[in-house]
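# Examining the three-dimensional arrangement
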Amino acid sequence: MVKATKKSPRAKKKKPDAVTAFMALVAERGWRGTSLPDVAEAAGIPLDEFSRQYWTKTDLLIAFQRRIDEQVLADTGPPDEEESPRDRLFDILMRRFDALLPYKEALGRLGRDLPRDPLAALVWARGMKQAMTWILAAADTGGNGICRHFSTKGLIVVWLFAVRAWMSDDSPDMSKTMAALDKALARAESVAEIFQRSETTVAG
């Protein structure tokens, strides 16, 4: 008599973490169409546990931004004095685009939806400012050049210029994005050089 073999139960599909689930829902439904209970359900987290960590949707926005910041900074090595600050900024900002790539559709929805929610837009803007502050610090190769004479607000302008190109860039190597970023950094470097010459003139 042949014994029937017991079929192994099908492995359960692992649910995404809360931040990943949140961004997936935003990509599908938009900012207003995404609710906290929906995110908790998608992530497989009981509501009582979920609510202890995420009280509002802006908490999830902050968590996402911090995740990207941590990933970019972790992948950034110590400054190399032989590398120009502009080249280092270029590399770090492109690394940020790499980190954001899986969330591109959700970011497009946020870009359209957040202007209709002033509080959420303010939270997002503060997170972006902090991200650019971290990037300037990570790119500083000794206090010279663009990193010294360029403000966080200036880098935000550079970033937004490149983001506009990135959102419509379907090339596998992000060539359109790289060209836009390089162009914006070149302009920023010219501004930094003007400030540097002005300081030298005043000091002299």
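None of these values were measured; they are calculated from a predicted model.

The next thing to look at is the overall build of the protein chain. Per the secondary structure count, the protein chain includes ten helices and zero strands. Order of helices (α) and strands (β) in the protein chain, N terminus to C terminus: α-α-α-α-α-α-α-α-α-α. By the burial criterion, 41% of the 204 residues in the protein chain qualify as buried. Nonlocal contacts in the protein chain, meaning residues at least 24 apart in sequence, comprise 69% of its contacts between residues at least 6 apart.

Attention now goes to the nonpolar core. Across soluble globular proteins, nonpolar side chains show a tendency to be buried alongside one another. Counting 55 residues, the largest nonpolar core has F64, L93, L107 and L110 as its most contacted members. Contributing elements (two or more residues each) for this core: helix 1 (18-29), helix 2 (36-43), helix 4 (57-74), helix 5 (85-100), helix 6 (104-113), helix 7 (118-139), helix 9 (152-167) and helix 10 (175-203). It is helix 7 that provides the largest number of residues to this core, a total of nine residues. If near-sequence neighbours (up to four positions away) are discounted, L93 is found in contact with M132, I135, L155, V158, W159, L181 and L185.

To continue, consider the pattern of salt bridges. This model, assessed by the stated rule, comprises five salt bridges. For D69, the salt bridge is made with R96, and the minimal N-O distance between the two is 2.9 Å. One end of the pair, D69, is in helix 4; the other, R96, is in helix 5, and 27 residues separate them in sequence. Two residues, D182 and R86, come together in a salt bridge whose shortest N-O distance is 3.0 Å. Of the two residues, D182 sits in helix 10 while R86 sits in helix 5, which places them 96 residues apart along the sequence. Classification of D182 as partly exposed rests on a relative accessible area of 36%.

All right, on to the packing of aromatic side chains then. Here the distance between the centres and the angle between the planes together describe a pair of aromatic rings. Applying the stated criterion across every chain, the model contains six aromatic pairs. Ring centres 4.9 Å apart and planes at 80 degrees place the aromatic pair F64 and Y103 in the edge-to-face group. Separated by 39 residues along the polypeptide, F64 in helix 4 and Y103 in the loop between helix 5 and helix 6 bring together distant segments of the chain. Y103 matches F64 in its accessibility class, with the two residues each being buried. Seen in terms of ring centroids, F97 and W166 are 5.3 Å apart; in terms of plane orientation they differ by 40 degrees. Their pairing is tilted. Taken together, the residues F97 in helix 5 and W166 in helix 9 connect sequence positions 69 residues apart. Three or more aromatic residues joined by ring pairs form one cluster here, namely F64, Y103 and W124. Note that R96 overlies the ring of W159, its terminal NZ or CZ placed 5.5 Å from the centroid. Sitting over the face of the ring of W166, K104 holds its NZ or CZ atom 5.0 Å from the ring centroid.

This part is about unusual backbone geometry. For M174, which is not a glycine, the phi torsion comes out positive at approximately 55 degrees. Classification of M174 by relative accessible area gives buried; the value is 9%.

What follows concerns the packing of helix 1 against helix 2. Viewed as axis vectors pointing N to C, helix 1 and helix 2 meet at an angle of 120 degrees, and their least axial separation amounts to 9 Å. Classed by the angle they form, the pair helix 1 and helix 2 counts as oblique. Remark: the crossing between helix 1 and helix 2 carries right-handed chirality. Along its contact with helix 1, which presents A18, A21, F22, L25 and R29, the element helix 2 presents D38, V39, A42 and A43. A per-class count over the contact of helix 1 with helix 2 returns seven nonpolar, no polar and two charged.

Quick look at the packing of helix 5 against helix 7 now. At a closest axis distance of 9 Å, the pairing of helix 5 and helix 7 adopts a crossing angle of 135 degrees. In this view, helix 5 runs oblique relative to helix 7, as classed from their interaxial angle. For the element pair helix 5 and helix 7, the recorded crossing hand is right-handed. Residue-level inspection shows P85, R88, L89, I92, L93 and R96 of helix 5 in contact with helix 7, the latter providing A131, M132, I135, L136, A138 and A139.

Rules of the game
- Residues numbered from 1 in each chain as written.
- Predicted model: local features only at pLDDT ≥ 70, side-chain atom pairs only at ≥ 80, totals over all residues.
- Heavy atoms only, no water.
- Helix = DSSP H or I, 4+ residues; strand = E, 2+ residues; numbered from the N terminus.
- Buried < 20%, exposed > 50% of the residue type's maximum accessible area, 1.4 Å probe, protein only.
- Contact = heavy atoms within 4.5 Å.
- Core = buried A, V, L, I, M, F, W, Y, C linked by side-chain atoms within 4.5 Å.
- Salt bridge = Lys/Arg side-chain N within 4 Å of Asp/Glu carboxyl O.
- Phe/Tyr/Trp six-rings, centres within 6.5 Å; stacked < 30°, edge-to-face > 60°.
- Lys NZ or Arg CZ within 6 Å of the ring centre and 35° of its normal.
- Axes fitted to C-alpha atoms, helices over the stretch in contact; angles between N-to-C directions.
- Parallel < 35°, antiparallel > 145°, perpendicular 65-115°, else oblique.
- Left-handed = near helix turned anticlockwise from the far one by under 90°.
- Nonpolar A, V, L, I, M, F, W, Y, C, P; charged D, E, K, R; others polar.

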